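Residue-level structure breakdown
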Amino acid sequence: MIKDITIGQYFPGNSIVHKMDPRMKLILTFVYIIVIFVCKNFYSLGVMVIALVIMVLLSKIPVKTILKSVKPIFIIILFTAILNVLYTKTGTIIFEWKFIHISTGGIYTAIFMVIRIVSLVVASSLLTYTTSPTLITDAIERLLSPLKFMRNSIHTIAMMMTIALRFIPTLIEEFDKITSAQKARGADLETGTLVERAKALIPIFIPLFITSFRRAYELAYAMECRCYHGAEGRTRMKQMSYSVRDFAGFVFMVLVTAGVVSLNFVFPHLI
């Protein structure tokens, strides 16, 4: 069911990752995303996967929940793997039929890309799983604070990003409810041609958009009634400060990055 999708959800906990400063978690996630694109072979990619597994274990988030984060992009992952298998023609040809050519290089590239995409999704999801939307907003605002000299409303940008992230689970739940209601009224959403199935989704998306606009209006009205006016003069209940665990996480990521760069020099090729 679509309601099982966990993107954007926060799971309270008392793990080391939960207790880390949200600014450091944002920085480490950003660095992880950059470094994983630097990987050129399975050895360096393996280092990134091991680092991610360690962080998942430290977060104490159930593996089942972690796997749910990959569910929404399963089709994209499958499509990417097929394209890499069919269009990469390096290595030894192991199957050939008309215009279809499958080689060892294509298979290795497909596996490499799948692992990279899954790692990116899990790492990004781990950030939202262990950090509340409020802390993410404050962390983004603090990290982007130097841009205030450019007369940019940093708090507004951070708030918009967090609200969008926060309402992903809500919209998913609403989509599931509307779909169930339409099926109860006799709507056929699973049979027919591709065009017919697309047309059958119109009675779902129209009320979903209406509900989304209504929620946005209610949220704006509630913020206005509470005299919310942004970052100016705003205080925070929880003050952020770096601790030993944050510096340990930073050192760990530096070591991982150094290992990836070293392995790229030693093994410059994918296979």
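For the structure given in this document, a descriptive report is provided here.

**Section: the overall build of the chain**
What the chain contains, in helices and strands, is 11 helices and two strands. The linear arrangement of helices and strands in the chain, starting from the amino end, is α-α-α-α-α-β-β-α-α-α-α-α-α. C-alpha extents for the chain along the principal axes are approximately 65 × 60 × 40 Å. Per-residue burial over the chain gives 35% buried out of 271 residues. Partitioning the intrachain contacts of the chain with sequence separation of at least 6 by distance along the chain shows that 75% fall at a separation of at least 24. If you sum the accessible surface of the chain, you get close to 16900 Å²; carbon and sulfur atoms cover 70% of it. Looking at the chain, you have 28 positive and 15 negative side-chain charges, and the mean spots of the two groups are 5 Å apart.

**A short note on the packing of helix 7 (residues 133-143) against helix 8 (residues 154-184)**
Taken N-terminus to C-terminus, the directions of helix 7 and helix 8 make an angle of 150°; their axes are 9 Å apart at the nearest point. Accordingly, the angle class assigned to the pair helix 7 and helix 8 is roughly antiparallel. Where helix 7 crosses over helix 8, the handedness of that crossing is right-handed. Touching Pro133, Ile136, Thr137, Ile140 and Glu141 of helix 7 are Ile154, His155, Ala158, Met159, Met161, Thr162, Leu165 and Arg166, all from helix 8.

**Section: the nonpolar core**
By size, the foremost hydrophobic cluster in this structure holds 28 residues, and its most contacted members are Tyr32, Met48 and Ile66. The set of elements that each furnish at least two residues to this core consists of helix 2 (22-38), helix 3 (42-59), helix 6 (104-130) and helix 11 (244-266). Per element, the largest residue contribution to this core is eight residues, and it comes from helix 6. Non-local contacts of Tyr32, meaning those with residues more than four positions away in its chain, are made with Met48, Val49, Leu52, Ser119, Ala123 and Met253. In this structure, Leu26, Leu127, Ile136 and Met240 belong to the second largest nonpolar core, which totals seven residues.

**Thoughts on unusual backbone geometry**
The phi dihedral of Lys60 falls on the positive side, at around 60°, and the residue is not glycine. Its place among the elements puts Lys60 in the loop between helix 3 and helix 4 (63-68). Given a relative accessible area of 66%, Lys60 falls into the exposed group.

The rules we used
- Within any chain, residue numbers begin from 1 and follow the written order of that chain's sequence.
- In keeping with the predicted nature of the model, local features appear solely for residues at pLDDT of at least 70, side-chain atom pairs appear and are counted solely at 80 or more, and the whole-chain, interface and lining totals rest on all residues.
- Processing note: side-chain calculations cover all non-hydrogen atoms of the structure and skip hydrogens and water entirely.
- Counting from the N terminus, the helices are DSSP H or I runs at least four residues long and the strands are E runs at least two residues long.
- Think of it in three bands: with a 1.4 Å probe and only protein chains considered, a residue is buried below 20% of the maximum accessible area for its type, exposed above 50%, and partly exposed in between.
- Working rule for contacts: check all heavy atoms of both residues, and any pair within 4.5 Å makes them a contact.
- Areas reported here follow the Shrake-Rupley algorithm with a probe of radius 1.4 Å; residue values treat only the protein chains shown as occluding.
- For the charge count, each Lys or Arg is scored as positive and each Asp or Glu as negative, with His and the chain ends excluded.
- Every charge is mapped onto a representative atom, which is NZ of Lys, CZ of Arg, CG of Asp or CD of Glu.
- Working convention: axes come from line fits to C-alpha atoms, limited for helices to the stretch in contact. Angles between N-to-C directions cover 0 to 180 degrees.
- Angle categories: roughly parallel below 35 degrees, roughly antiparallel above 145, roughly perpendicular from 65 to 115, and oblique for all the rest.
- By convention the crossing between two helices is left-handed if the near helix lies anticlockwise of the far one by an angle smaller than a right angle, and right-handed if it lies clockwise.
- Only buried residues count toward a nonpolar core. Its members are Ala, Val, Leu, Ile, Met, Phe, Trp, Tyr and Cys residues joined through side-chain atoms within 4.5 Å.

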